[in-house]
Each structure stands twice: as C-alpha cells, then as structure tokens.
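# Understanding the architecture of this molecule
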Amino acid sequence: MSEFDLPLPYSGASNDFRSDTFTTPTKEMIEAALTASVGDAVYGEDSDTVLLEKTLAKMAGMEAGLFCVSGTLSNQIALRTHLFQPPYSILCDYRAHIYTHESAGLAILSQAMVVPVIPSNGNYLTLEDIKSHYVPDDGDIHGAPTKIISLENTLHGIVHPLEELVRIKAWCMENNLKLHCDGARIFNAVAQAGVPLRQYGEIFDSISICLSKSIGAPIGSVLVGDLKFVKKANHFRKQQGGGIRQSGMISKMALVCVNGDWKTKLLYSHSLAHSLAAYCKEIGVPLESPADTNFVFIDLAKARMDPDVLVKKGLKYGVKLMGGRVSFHYQISEQSLEKVKLAIGEAFEYSKAHPFNSNGATKIYRSESTEKMDVDGNAIHDVKTYKY
C-alpha cells in the first residue's frame, strides 16, 4: 500500500487504475460518519453539510456552496443557472466531461447548443481558440449566441496554465460571458501548479469541486459561486432530484478529506503517474497528453495496441486497467505501479507482432462479463473487462 491512510480491509484500491474514483473510505472516515449530524439538508438544517459547503466556498473565495451528490449534477445545475433565454450556446473543449460524459444533459436540461473546440496546441484551450469559435449576440438570428465558456481543470490530467485563464477571464468580462470551471480535479491542479484554490475562484464565476476524485471522499461535489447564484442552483438541484435529506454522514466523511493532508497525497499520486509516463517514453509507447498530474493517456491508435489485450495483461499481473487511460490515486501502491509497467510493456510488444486497428467508436466506461482466454492462454472466468 501507499504510505497514507489505509482503506478498509476489503478494498482493492491499491491495484485499481481505472479511475481515481476507486479510492475507498478509510477507518477515520467511517468513524467520522458515526458522529455526523442528522439534520434535513434540503431545508439547510444539517450542520455538517452546511459546514462542508462553507468550508469549500471559503477555500475558493466564494460567497456560498451547494453540496451535490455528483460532479455531473453540480456541472449541469451550474450551467443551467447561468443560462436564461434560449437560444444560446456553451463553448468548451471537445473532450470536456460536460459534453462527452454527462448523458446529453446540456441538450436535455438546458436546451443548449454546445460548441466543442479542439485546442490548436493539442492540450488546452487558449483565448485565440475561444475567439475563433465564439458566437456573438449581435442580432444575427441564425446562430445560438455564446453565453458561457466552460473549462475543465485538470483535463486529461493537464493543468490549464494560470496566465491563459487570466486572459480568458478578462475577455469574458469584456463580452459579458460567464466562465464556469468543471473542477472535478481542481485539487490536482492546486497541488501541482501551486496555485491556491482561492486564486482560481477569482477567475471563475462558478466551480464544481469534486470530492470523490483524488482526495478520496466516497461521495459528492460542492458547487461554489456567489450567494444569488447558489440559491438559484439549489432550485435546480431540487428539480433534478438532488435534494437529499440526511447528508451529514457523507459530508462529515468528505470533511475528513478536505481537512486532511490532501496535497501530499495528490503529489504522491502524481509522482506515480510521472514514473509511468517516463517508462512509456523510455520504451517508445506514445502518449496522447502530457502527464502533468495523475493521468497517463496512452495513444492506443499510434501504438497499434489492442485495448482488450492491455486489459488482460493487467489482469495477468493483478491490476485493473481501462484501456489507454491509466489513472492514479493516493491508495495506489508502488508495487502495483511496477505491475502496470509490466502489463503495458508486454501489451506494446504484442502490438508489434499483432498491430491493432479499430474503425469503430471509442468505448470507455463500458464492461461485459466474459469467460475467455487471455493473451497467454490462461482462462479468465467471470471477470469484468473494461474496453476503451
């Protein structure tokens, strides 16, 4: 295991590289839940939930916070709250979670056109990228005017440079645009870049701060912004079924993570990812993105690697992979990192003799029960395989 808080005995978190959401609660978190408040959070009467909301809002330099059960919920209600009279559009990176992995929420819940933009530098959006895809509200009745710029920090494990965010913010203010941050992994950006959360709060009008990724809380996100914004967001949270009652237990568990030494834990996970990225470079495995933080994205197409072979090589060494996206969290062990290196090395060698080509759609977060043979001829019974 890592040197940090041990998860519960039944945990397999130390060898799970599918996502940084696979951390499991520690003994300290479970004990905290047993002493949690049991007020009604819908009426704002649960003290631990209120404390969590105030703590995150203060850290971000915002007026208020709203606890949500997921980052998808906090993103969707944030964007809906910023929007008024359609038609309108939201501009974001083409890989953004709000666009690719939130079940068409923007189309259904906000009736919004989405303008996905491919960064010209291949990594993160610049002001120039945004300007070239911006639709002004200038009286032209043929388009859907841009009303929100939504950025993700980190995205693909990449830290969005602060100086670029400052440029984008200044331009948004000049053009009366809202700037939202999907901060699913904002703590990773804070730890790696050394930029305080409050400084990001000065840039964005709203931030969705996820607690169940990387820092290790079992459930939840907190949406932060000004008081008027959060009050209206609470209306949409209720409308979309997110008004849970006794949330004190999960809020108290999240407070253990927020008040703990999350920076050291995150930097540990980043060091593991950096080690894997260096190994991939050493053996010639191409990567999609710089491994700034806790992700390594293998370019499977360039490597001609079969994602199913990679997953099975992982199973051979007792580690769980999900295609070319290798995720690290603080409960990953250094021993498991070495096993992942072996799995990737073998899968890459296999690809040289058996190059893989796929013309189908990219698949991620998709699983099926199998009873197959692995690439070494060993039986795999009733195992969930994850395809990318």
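Notes on the structure in this doc start here. (Residues numbered from 1 in each chain as written. Predicted model: local features only at pLDDT ≥ 70, side-chain atom pairs only at ≥ 80, totals over all residues. Heavy atoms only, no water.)

### Structural notes on the overall build of the protein
What the protein contains, in helices and strands, is 15 helices and 11 strands. Looking at the protein residue by residue over its 388 residues, the buried ones come to 55%. For the protein, contacts bridging at least 24 residues in sequence account for 72% of all contacts bridging at least 6. Of the roughly 17,000 Å² of accessible surface on the protein, 53% is carried by carbon and sulfur atoms. (Helix = DSSP H or I, 4+ residues; strand = E, 2+ residues; numbered from the N terminus. Buried < 20%, exposed > 50% of the residue type's maximum accessible area, 1.4 Å probe, protein only. Contact = heavy atoms within 4.5 Å. Areas by Shrake-Rupley, 256 points an atom, 1.4 Å probe, with all protein chains shown as cover.)

### Remarks on the pattern of salt bridges
For the structure shown, the criterion picks out 13 salt bridges. Where Arg-245 meets Asp-40, a salt bridge forms, and the shortest distance between an N and an O atom there is 3.1 Å. Of this pair, Arg-245 sits in the loop between helix H10 (227-239) and helix H11 (248-258) while Asp-40 sits in the loop between helix H1 (27-33) and helix H2 (47-59), placing them 205 residues apart in sequence. On the basis of relative accessible area, Arg-245 is assigned to the partly exposed category, the value being 33%. Accessibility expressed as a relative area gives 18% for Asp-40, which makes it buried. Of the charged contacts, one joins Glu-349 and Lys-352 as a salt bridge, the two residues approaching to 2.9 Å between their closest N and O atoms. You can see Glu-349 and its partner Lys-352 sitting in helix H15 (residues 334-353), three residues apart, about one turn around the helix. Within this structure, Glu-128, Glu-164 and Arg-167 form a network of salt bridges that share partners. (Salt bridge = Lys/Arg side-chain N within 4 Å of Asp/Glu carboxyl O.)

### Let's talk about the side chain of Arg-95
With respect to the helices and strands, the residue Arg-95 is situated in the loop between strand S2 (89-93) and helix H4 (97-100). Classification of Arg-95 as buried rests on a relative accessible area of 11%. Not counting chain neighbours up to four residues away, the residues in contact with Arg-95 comprise Thr-100, Pro-119, Gly-122, Asn-123, Tyr-124, Leu-155, His-156, Ile-158 and Ser-289.

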